[in-house]
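Chain residues, written in single-letter form:
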Amino acid sequence: MSYLQKYSNEVHDFLKVCKSLADRMYVTSQGGNLSYKLEENLLIITPTCVTKCDVTEKDLVFIDLEGHIVEGTRKPTGEVPMYINFYRDRPDIKSVIHCHPPYTNTFTILKGPNWLMRPIYPETVAEVGPVPLVPYGEPLTQKLADNFAPFVKKYNAFLMENHGLTILSSADIVRTLQLVDILEVSSISILQALAVGGLKELSREDVQNLENTMKTRNLPMIGMPGVNVSMVDLYFPQEQ
């Protein structure tokens, strides 16, 4: 049995997310890529040079954690080194989306404070967490993949300087798209607030109390398990 047949449900969701990324204009032309961990040493990943709205079953590529193709006729995205690093350094994650949502992408080129590192909305705090800025690296290179190293175990979402957004998740690919949606809507509101005035942040106590919400909803702590003790540590490190 082929992997396409064995993982038909996951393939269905993967293709649905590809189309949704294009429909939402989170990716344009041939940009963006995504992957989904199916087994300990098996990923499904998008092909290179295919627009996400056009990706079909026959375009999908299955690779192992060394980047070798194990099923599929196309070449995988050129960002394979980035994905290999993610799944190696974060064995807890199951899916990754790299895309260019327009409002969130504003923060990849915005001078001044990175407001996505601050606690603004409870949903974004509890479900996405702070979003650090990863230094620029040439796309499709090992250097870009390696630039994530100081951040990848502590956070789940990353701004790629002058480039885009990457989100990791311990859940399935559909849930990871939901996280992109949460962050993009937050980015819209933050930019609108900055345009007409200033921003109000959640307090240290507010962030502390959100950990109760996370426990009630069975949401995992942001970052690799065991790395972060609390959300307060993430959002208010200067007070520790």
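Note that the structure is predicted; figures quoted are calculated from it, not measured.

**Student:** Could you give me a rundown of the packing of aromatic side chains, with the residues and numbers involved?
**Tutor:** Under the definition given, this model contains 6 aromatic pairs. Relative to phenylalanine 158, the ring of phenylalanine 86 lies with its centre 6.5 Å away and its plane at 10°, an arrangement referred to as stacked. With phenylalanine 86 in helix 3 (residues 80-89) and phenylalanine 158 in strand 7 (residues 157-160), this pair connects stretches of sequence that are 72 residues apart. Phenylalanine 86 sits in the buried class, given a relative accessible area of 1%. Put simply, the rings of Tyr83, Phe86, Phe148 and Phe158 pair up and form one aromatic cluster.

**Student:** I'd love a proper account of the environment of leucine 43, names of residues and values included.
**Tutor:** Topologically, leucine 43 is positioned in strand 2 (residues 42-45). Assessed through its relative accessible area of 0%, leucine 43 is described here as buried. For the pair formed by leucine 43 and tyrosine 83, sequence separation is 40 residues and the distance between their alpha carbons is 9.6 Å. In contact with leucine 43, other than residues within four places in its own chain, are Tyr36, Lys37, Val61, Phe62, Ile63, Leu65 and Tyr87.

**Student:** I'd like a rundown of the side chain of histidine 98, residues and numbers included.
**Tutor:** Its location among the elements puts histidine 98 in strand 5 (residues 95-99). On the basis of relative accessible area, histidine 98 is assigned to the buried category, the value being 1%. Polar side-chain contacts of histidine 98 include one of 3.0 Å to the backbone oxygen of leucine 165. In terms of polar contacts, histidine 98 uses its side chain to reach the side chain of threonine 166, at 3.4 Å. Not counting residues up to four positions away in its chain, the partners in contact with histidine 98 are Gly32, Asn33, Met82, Tyr83, Met160, His163, Gly164, Leu165 and Thr166.

**Student:** Tell me about the nonpolar core, and name the residues and values.
**Tutor:** Phe14, Leu21, Leu34, Ile44, Ile97, Cys99 and Val131 are the most contacted members of the largest nonpolar core, which totals 38 residues. Only helix 2 (8-23), strand 1 (33-39), strand 2, strand 5, strand 7, strand 8 (164-169) and helix 7 (173-196) provide two or more residues apiece to this core. Looking at this core element by element, the count peaks at 8 residues for helix 7. Among all residues touching isoleucine 44, those that are not within four sequence positions of it are Val11, Phe14, Leu34, Ser35, Tyr36, Leu38, Leu60, Val61 and Phe62. Counting residues in hydrophobic clusters, the runner-up holds 35 residues, among them Val96, Ile222, Met231 and Phe236.

**Student:** Provide a residue-level description of helix 8 (residues 204-216), including the pertinent values.
**Tutor:** Within the span of helix 8, buried status applies to Val207, Leu210, Glu211 and Met214. Burial along helix 8 is one-sided: seen end-on, the buried residues are contained in an arc of 120°. Exposed residues lying more than 90 degrees from the buried face of helix 8 are Glu205, Lys215 and Thr216. Of the surrounding secondary structure, the elements contacted by the buried residues of helix 8 are helix 5 (122-127) and helix 9 (231-235).

**Student:** Could you give an account of the side chain of glutamate 79, with specific residues and numbers?
**Tutor:** Take glutamate 79: it is sitting in the loop between strand 4 (69-71) and helix 3. Put simply, glutamate 79 is tucked away with no salt bridge, and the nearest opposite charge, on lysine 52, sits 10 Å away. Ignoring sequence-local partners within four residues, the contact set of glutamate 79 consists of Asn33, Pro139, Leu140, Leu144 and His163.

**Student:** Describe the pairing of strand 7, listing the residues and the values that go with them.
**Tutor:** Side chains Ala157 and Leu159 of strand 7 all project onto a buried face; the interleaved residues Phe158 and Met160 project onto the opposite face, where all are buried too. As judged from the 2 bridges shared by strand 6 (residues 133-134) and strand 7, these two strands associate in the parallel manner. By the bridge assignment, leucine 133 is partnered in strand 7 with leucine 159. Sheet topology places strand 7 next to strand 8; 4 bridges connect them, and they run antiparallel. Residue pairing for strand 8: leucine 159 is matched across the bridge by leucine 165. In sequence, strand 7 turns back onto strand 8 through a hairpin of 3 residues, with asparagine 162 there showing a positive phi of about 55°.

**Student:** Lay out the packing of helix 4 (residues 102-109) against helix 7 with the relevant residues and their values.
**Tutor:** For the pair helix 4 and helix 7, the least separation of the axes is 7 Å and the interaxial angle reads 65°. Between helix 4 and helix 7 the crossing geometry is left-handed. Contact residues: helix 4 offers Pro102, Tyr103, Thr104, Thr106 and Phe107, while helix 7 offers Leu183, Glu184, Ser187, Ile188, Ile190 and Leu191. Taken together, the residues of the contact of helix 4 with helix 7 break down into 7 nonpolar, 3 polar and 1 charged.

Conventions we followed
- Residues numbered from 1 in each chain as written.
- Predicted model: local features only at pLDDT ≥ 70, side-chain atom pairs only at ≥ 80, totals over all residues.
- Heavy atoms only, no water.
- Phe/Tyr/Trp six-rings, centres within 6.5 Å; stacked < 30°, edge-to-face > 60°.
- Helix = DSSP H or I, 4+ residues; strand = E, 2+ residues; numbered from the N terminus.
- Buried < 20%, exposed > 50% of the residue type's maximum accessible area, 1.4 Å probe, protein only.
- Contact = heavy atoms within 4.5 Å.
- Polar contact = N/O pair within 3.5 Å; in protein donor to acceptor, adjacent residues only side chain to side chain.
- Core = buried A, V, L, I, M, F, W, Y, C linked by side-chain atoms within 4.5 Å.
- Arc of directions from axis to C-beta.
- Lys, Arg positive; Asp, Glu negative; His and termini not counted.
- Salt bridge = Lys/Arg side-chain N within 4 Å of Asp/Glu carboxyl O.
- Pairing = 2+ DSSP bridges.
- Axes fitted to C-alpha atoms, helices over the stretch in contact; angles between N-to-C directions.
- Left-handed = near helix turned anticlockwise from the far one by under 90°.
- Nonpolar A, V, L, I, M, F, W, Y, C, P; charged D, E, K, R; others polar.

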